[in-house]
Amino acid sequence: MACLPAVFALLFCLDEVVDRIACGWADWRDRRRERRTLARLARSLGGDALTTRGVDLARLDRPDRQPFERVAADLRRLAGHRLAAGGRSVVWHSSVIDAYDDRLRAACRALGIGEHLGELTGVDREIERVRVEGLLARAGLVLPATRGVRRLRDPQA
């Protein structure tokens, strides 16, 4: 009978305990995924590749610069919309492609990758888009359009 209040308290607070455990697990998993992504990017760029590629590290710390994680999330979201454009209007599809190319340019600027998406049109622009997606995939930013190609080349990925 003396343990009955403790049992009731445990039952009432059980959802809070489970929630804290679930949130802690999710945070740990996100930190682990972020560390793996950073390690993969570091391996693909090499040790001093940022200085040899001409990337100014001070430029990356500007307050008006968007975080690379947001650029990557936008790219993945827009890539999904671009690939699943069936039944949408031509104007919507071209707007999605323009936004996708803009995000590709931002990712290339952040990683110091050369691109010519703004200068090209038509099939040449599509070829350049595929080339840029491949370079970003080699740098560690895997997009929905490049997942199949990466698995064929690298069976360990």
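Note that the coordinates shown come from a computational prediction; the quantities given were computed from them, not determined experimentally.

Q: Where do I start with the packing of helix 3 (residues 68-83) against helix 4 (residues 90-111) in this structure?
A: How two helices sit against one another is set out by the angle between their axes and by the gap between those axes. The interhelical angle for the contact between helix 3 and helix 4, taken along N-to-C directions, is 150°, at an axis separation of 9 Å. Taken together, the axes of helix 3 and helix 4 are roughly antiparallel relative to one another. For the crossing formed where helix 3 meets helix 4, the hand is left-handed. Residue-level contacts link F68, V71, D74, L75, L78, A79, H81 and R82 of helix 3 to W92, H93, V96, I97, A99, Y100, R103, L104, A106, A107, A110 and L111 of helix 4.

Q: Would you take a moment to explain the packing of helix 4 against helix 5 (residues 122-138) for this structure?
A: Contact geometry of helix 4 with helix 5 gives a least axis separation of 11 Å together with a crossing angle of 45°. As the angle between them shows, helix 4 and helix 5 are arranged oblique. Taken as a pair, helix 4 and helix 5 cross one another with a handedness that is left-handed. In this structure, helix 4 contributes I97, D98, Y100, D101, L104, R105, A107, C108 and L111 to the contact, and helix 5 contributes R125, R129, V132, E133 and L136. Residue composition of the contact of helix 4 with helix 5, by class: eight nonpolar, no polar and six charged.

Q: Would you take a moment to explain the pattern of salt bridges for this structure?
A: For side chains of opposite charge, pairing can occur when their charged atoms come near one another. All chains considered together, the criterion is met by 10 salt bridges. Notably, a salt bridge pairs D30 with R33, separated by 3.7 Å at the nearest N-O pair. With D30 and R33 both in helix 1 (residues 4-45) and three residues apart, this pair spans about one turn of that helix. Judged by relative accessible area, which is 40%, D30 ranks as partly exposed. Here R33 falls in the partly exposed class, since its relative accessible area comes to 41%. In this structure, R103 engages D102 in a salt bridge whose closest nitrogen and oxygen atoms are separated by 3.9 Å.

The rules we used
- Residues numbered from 1 in each chain as written.
- Predicted model: local features only at pLDDT ≥ 70, side-chain atom pairs only at ≥ 80, totals over all residues.
- Heavy atoms only, no water.
- Axes fitted to C-alpha atoms, helices over the stretch in contact; angles between N-to-C directions.
- Helix = DSSP H or I, 4+ residues; strand = E, 2+ residues; numbered from the N terminus.
- Parallel < 35°, antiparallel > 145°, perpendicular 65-115°, else oblique.
- Left-handed = near helix turned anticlockwise from the far one by under 90°.
- Contact = heavy atoms within 4.5 Å.
- Nonpolar A, V, L, I, M, F, W, Y, C, P; charged D, E, K, R; others polar.
- Salt bridge = Lys/Arg side-chain N within 4 Å of Asp/Glu carboxyl O.
- Buried < 20%, exposed > 50% of the residue type's maximum accessible area, 1.4 Å probe, protein only.

Structural measurements only, silent on function.
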